[in-house]
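A closer look at the structure
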Amino acid sequence: MELTPPGPRGIPPLFARLVDDSALFPPGEASMPEALRAHFASRAGEHSGILGVFLCQASRLPELITELIKIKPKEPLPLSLIIDTGLGGVPKAISIVESRSEILALRMVEMPAPSDVDEVWLERVSEFVPEDVIRVVEPRRGVGWLDGVRKVIEHGSWPKIRCGGKAGENFPSVDEVADFLAVVSGSTGASFKATNSLHRAVRHTEESSGFTHHGFLNLIVASARSLSGGDVRAALESTDGAALAAEAKGMSEPAAKAVRGLFASYAAASFDEPVADLGELGLLH
């Protein structure tokens with residue numbers, strides 16, 4: 001199912017609703033008023049078609065609602081609810097959101113999976129989350145990780161891949177990302193979401209931390225190659241922004257839609273950085 005119609009104002013289909021707003025989360029950790037102010041400014045801006053849902057922890061719903069009542073948005077805020085209160089807290093959180101339909105529109109529910117992704121747990125997720133809301137489940141990387149990804153897909157949820165964080169072990173290797181893509185692209189009709197440390201378009205090493213970050217454009221091109229039988233690892237390893245941009249530009253509209261059917265969205269603490277990178281690479285014209 002599509003979250004929202006394709007982006008307005010001439011945004012290419014490859015980037016429509018690509019960037020979900022995780023300003024409340026590290027490394028951004030904006031205050032609720034700051035995060036909402038910036039989100040609504042982006043939603044009213046020139047590149048609003050790139051912007052997806054707003055991410056908020058279940059534990060912060062009262063704070064979110066208090067601020068939205070002050071703002072009085074013209075339309076309900078498209079929301080992804082991040083479950084940080086355990087699976088048992090899901091029904092109450094969803095009930096709170098649904099009782100505020102004039103200011104909130106629940107599009108997605110995201111949660112970490114337990115170390116063993118079993119059928120009983122996944123069945124409870126399905127029971128708790130309404131059918132018209134996308135379920136996103138993050139299996140933990142490690143032994144048996146890809147089996148967990150397969151189970152999530154078989155259960156009708158989107159698997160989520162974490163691409164970075166505050167420590168080196170939070171960054172999956174190129175091989176791990178490629179293996180993940182192989183599983184998801186090999187499953188009919190499956191979609192995935194990515195999160196963390198994808199604020200820049202192209203793979204790069206951050207000077208302050210020394211960590212090498214995956215790029216969201218690398219992930220787009222790698223997804224396309226995964227669907228067409230191309231060299232996925234080379235796409236993930238590339239630091240050649242011009243070459244990646246040329247490959248993205250060269251995609252037909254059906255190919256672009258297939259890519260975004262697979263790589264549905266990713267969460268970024270900054271909206272300005274990915275938009276600036278896409279602009280510099282000539283991908284927004």
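You'll find the structure just up there.
Now for a description of the structure that goes with this document. Predicted model only: the values in this text are computed from it and were never measured. (Residues numbered from 1 in each chain as written. Predicted model: local features only at pLDDT ≥ 70, side-chain atom pairs only at ≥ 80, totals over all residues. Heavy atoms only, no water.)

A closer look at the packing of helix α7 (residues 216-228) against helix α9 (residues 241-249)
The test is simple: Simply put, an axis is a line fit to the C-alpha atoms, just over the touching stretch for a helix, and the angle between two N-to-C directions goes from 0 to 180 degrees. Where helices and strands are cited, they refer to DSSP runs of H or I of at least four residues and of E of at least two residues respectively, numbered from the N terminus. For this classification, under 35 degrees means roughly parallel, over 145 means roughly antiparallel, 65 to 115 means roughly perpendicular, and everything else is oblique. Helix crossings are classified by the rotation of the near helix relative to the far one: an anticlockwise turn of less than a right angle makes the crossing left-handed, while a clockwise turn makes it right-handed. Whether two residues are in contact is decided by their heavy atoms, any of which lying within 4.5 Å being enough. Just so you know the grouping, Ala, Val, Leu, Ile, Met, Phe, Trp, Tyr, Cys and Pro go in nonpolar, Asp, Glu, Lys and Arg go in charged, and all remaining residues, Gly too, go in polar.
Taken N-terminus to C-terminus, the directions of α7 and α9 make an angle of 50 degrees; their axes are 10 Å apart at the nearest point. In terms of orientation, α7 and α9 fall into the oblique class. Seen from above, α7 lies across α9 with left-handed handedness. Residues Leu217, Asn218, Val221 and Arg225 of α7 pack against Gly241, Leu244, Ala245, Glu247 and Ala248 of α9. Its residues assigned to classes, the contact of α7 with α9 comprises five nonpolar, two polar and two charged.

Quick look at the pattern of salt bridges
Close approach of charged atoms lets side chains of opposite charge pair. Using the following cut-off: Each salt bridge in this description consists of a side-chain nitrogen of Lys or Arg and a carboxyl oxygen of Asp or Glu lying within 4 Å of one another. Residue exposure (1.4 Å probe, protein chains only): buried if accessible area is under 20% of the type maximum, exposed if over 50%, otherwise partly exposed.
Throughout the structure, instances matching the rule amount to 14 salt bridges. Arg233 serves as the salt-bridge partner of Asp175, at 2.7 Å between the closest nitrogen and oxygen. Linking Asp175 in helix α6 (residues 174-185) with Arg233 in helix α8 (residues 232-237), this pair joins segments that are 58 residues apart in sequence. According to the relative accessible area criterion, Asp175 is partly exposed, its value standing at 41%. Taking relative accessible area as the criterion, Arg233 reaches 34% and is therefore assigned partly exposed.

Some details on the environment of Leu219
Position of Leu219 relative to the elements: it lies in helix α7. Looking at Leu219, the relative accessible area reads 4%, which means it is buried. Along the primary structure Leu219 and Gly156 are separated by 63 residues, whereas in three dimensions their C-alpha atoms are 22 Å apart. When near neighbours in sequence (up to four residues on either side) are disregarded, Leu219 contacts Val177, Leu181, Phe192, Ala194, Leu198, Leu236 and Phe263.

Overview of the environment of Asp132
By the secondary structure assignment, Asp132 is in the loop between α4 (119-128) and β5 (134-138). As a C-alpha pair, Asp132 and Glu34 span 98 residues in sequence and 30 Å in three-dimensional space.

Notes on the nonpolar core
As a reminder of what qualifies: Among buried residues, the Ala, Val, Leu, Ile, Met, Phe, Trp, Tyr and Cys ones that are joined through side-chain atoms within 4.5 Å form a nonpolar core.
Among the nonpolar cores identified, the biggest contains 50 residues, and Phe15, Phe192, Ala194, Leu219, Ile220 and Tyr266 are the most heavily contacted of them. Leaving out residues up to four positions away in the same chain, Phe15 has contacts with Gly49, Ile50, Leu217, Ile220, Arg260, Leu278 and Leu283. Core analysis: the second largest hydrophobic core is formed by 41 residues, Ala23, Ala30, Ile83 and Ile103 among them.

Considerations on helix α3 (residues 90-98)
This is how the line gets drawn: This arc is built from the directions going out from the helix axis to the C-beta atoms.
Within α3, burial applies to Val90, Ala93, Ile94 and Val97. The buried residues of α3 occupy an angular sector of 95 degrees when projected down its axis, which confines them to one face. Where α3 is buried, its residues contact α2 (61-71), β3 (77-82), β4 (104-112) and α4.

Considering the packing of aromatic side chains
Stated formally: Planes of paired rings set the category: under 30 degrees apart is stacked, over 60 is edge-to-face and the rest tilted, where pairs are Phe, Tyr or Trp rings (Trp by its six-membered ring) whose centres lie within 6.5 Å.
In this structure the tally under the stated criterion is six aromatic pairs. Relative to Phe211, the ring of Phe171 lies with its centre 5.1 Å away and its plane at 40 degrees, an arrangement referred to as tilted. With a gap of 40 residues between them, Phe171 in the loop between β6 (158-162) and α6 and Phe211 in the loop between β8 (204-205) and β9 (212-213) connect regions that are remote in the sequence. A ring pair is formed by Phe192 and Phe263, whose centres lie 5.1 Å apart and whose planes are at 5 degrees; its orientation type is stacked. Separated by 71 residues along the polypeptide, Phe192 in strand β7 (residues 192-195) and Phe263 in strand β10 (residues 263-268) bring together distant segments of the chain. A relative accessible area of 0% means that Phe192 is categorised as buried.

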